[in-house]
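# Per-entry structural report
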Amino acid sequence: MTVTALSGVDSGHNAVRSALHRAVTQLDDTIRPVVAYHLGWCDEHGNPVSANGGKSIRSRLALLAAAAAGGDEACAVPGAVAVELVHNFSLVHDDLMDRDATRRHRPTVWAVWGDAIAILAGDAMLSLAHEVLLDSGSPHAVSAARVVGAATRDLIYGQSADVGFEHRDDVGLDECVRMAENKTAALLAASVVVGGVLAAAPPATVTALGCYGRNIGLAFQLVDDLLGIWGRPEVTGKPVFSDLRSRKKTLPVTWTVRAGGDTGRELARLLTGPGEPTDDELQAAADLIESGGGRQWARAEARRRVHAAERALDSVPLCAEPHRELADLANFIIERSA
């Protein structure tokens, strides 16, 4: 299944884009063009461009959740802007920590401006996210800001665990799943919860939306891990075998090492060897993950998580059209190629 647009939130996305532009104009003259570059609005010289600014999944989730709960999606626009800013803060810092020189087919912020500016640009977006919510005038702004703050804390914890895993050879699948739940799923869950909170949804609905978000978040990370190994660089915007080259303990890698028997042991040997892995060694590692069952497990687990997300949506009364679009978005996540 391919989902290219979700018709019910087109006007909302225009409002999110406008609000995001207004928010970024509040940044100072040094950081504002850096953030605009990262968001795909200009080149490194400040000239306007129409670059890929990302899939905007988190802002879509916030709008759809508000509409599904029976609210006006306009009430969720500040939340949609906030989660997009937090997400992009994490991307700028993630690129720096991983020394990834390209994202979305362009040089990353640190590769253009250096480490210090990349840190400051990320910090600026994180700070701005909370300003947007607290300045929104919504009676639920403080509650929404608490949700975003807690998700950011979880995200940082997950990112810290991910970095720590790079120096360990004994990472188990359960702790790898917890890392992914914090690093990725927490903010996706917060996106739908914020939409529900800003729409004054009943607690049971907010809980169900959060369960949906956590499950699609883990599905998203599972697919992201597969794309980090087998994704096409011309589509993903990242080098081939990027995660393997970084020796990341991703979910399919960890599953294969722990459950793949002799194949898993051979994979562990390859990924913990001295020096930079060669292209042949990276290809061999990818082949071992495939033959050891890691690729098949990750794909099946992503589908299982999407089914759990759909059950969560079905557990509470929701407006029909945004309910359907939330389900469509969950399926898009596991079918995407970038």
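For clarity, every value in this text was computed on a predicted model and none was experimentally measured. (Residues numbered from 1 in each chain as written. Predicted model: local features only at pLDDT ≥ 70, side-chain atom pairs only at ≥ 80, totals over all residues. Heavy atoms only, no water.)

### Regarding the pattern of salt bridges
This model, assessed by the stated rule, comprises 19 salt bridges. Residue Arg305 pairs with Glu301 through a salt bridge whose shortest N-O separation is 3.1 Å. Of this pair, Arg305 and Glu301 both sit in helix H15 (residues 294-314), four residues apart, which is roughly one turn of that helix. Between Arg324 and Glu321 there is a salt bridge; the shortest N-O distance is 2.4 Å. With a gap of three residues between them, Arg324 and Glu321 both fall in helix H16 (residues 320-335), about one helical turn apart. Of the residues examined, Glu321 reaches a relative accessible area of 38% and is grouped as partly exposed. By sharing partners, the salt bridges in this structure join Asp98, Asp162, Glu166, Lys183 and Lys248 into a single network. (Salt bridge = Lys/Arg side-chain N within 4 Å of Asp/Glu carboxyl O. Helix = DSSP H or I, 4+ residues; strand = E, 2+ residues; numbered from the N terminus. Buried < 20%, exposed > 50% of the residue type's maximum accessible area, 1.4 Å probe, protein only.)

### What about the domain arrangement of the protein chain?
Assigned domains of the protein chain: these are domain 1 (10-184) and domain 2 (202-337). Look at where the C-alpha atoms of domain 1 and domain 2 centre, and you get two points 20 Å apart. Contact residues are listed per partner, giving 33 residues for domain 1 and 36 residues for domain 2. When residues of domain 1 are sorted by the area they lose upon contact with domain 2, Leu64, Ala68 and Leu173 head the list and together hold 20% of the total. Applying the counting rule to domain 1 against domain 2 returns three salt bridges. In this structure, the salt-bridge partner of Lys248 is Glu166, at a minimum N-O distance of 3.8 Å. If you look at where domain 1 meets domain 2, you find nine residue pairs in polar contact (both at pLDDT 80 or more). When residues of the side of domain 1 that touches domain 2 are traced back to their parent elements, those giving at least two are helix H3 (57-68), strand E1 (102-103), helix H7 (141-165) and helix H8 (173-198). Per-class residue counts for the side of domain 1 that touches domain 2 are 14 nonpolar, five polar and 14 charged. (Domains from an automatic or database assignment. Contact = heavy atoms within 4.5 Å. Buried area = accessible area lost by both parts, 1.4 Å probe. Polar contact = N/O pair within 3.5 Å; in protein donor to acceptor, adjacent residues only side chain to side chain. Nonpolar A, V, L, I, M, F, W, Y, C, P; charged D, E, K, R; others polar.)

### Points about the environment of His21
Relative to the helices and strands, His21 resides in helix H1 (residues 10-24). The exposure class of His21 is partly exposed, given its relative accessible area of 37%. In this structure, the C-alpha to C-alpha distance between His21 and Gln296, residues 275 residues apart in sequence, is 41 Å.

### Some remarks on the packing of aromatic side chains
The tally for this structure, following the rule as stated, stands at two aromatic pairs. Between Tyr37 and Trp113, the ring centres sit 5.1 Å apart and the planes meet at 75°, which makes this aromatic pair edge-to-face. Of this pair, Tyr37 sits in helix H2 (residues 32-38) while Trp113 is found in helix H5 (residues 109-113), placing the two residues 76 residues apart along the sequence. Judged by relative accessible area, which is 2%, Tyr37 ranks as buried. Accessibility expressed as a relative area gives 29% for Trp113, which makes it partly exposed. Both rings, one in Trp255 and one in Trp297, keep their centres 5.9 Å apart while their planes meet at 10°; by these two values the pair is stacked. (Phe/Tyr/Trp six-rings, centres within 6.5 Å; stacked < 30°, edge-to-face > 60°.)

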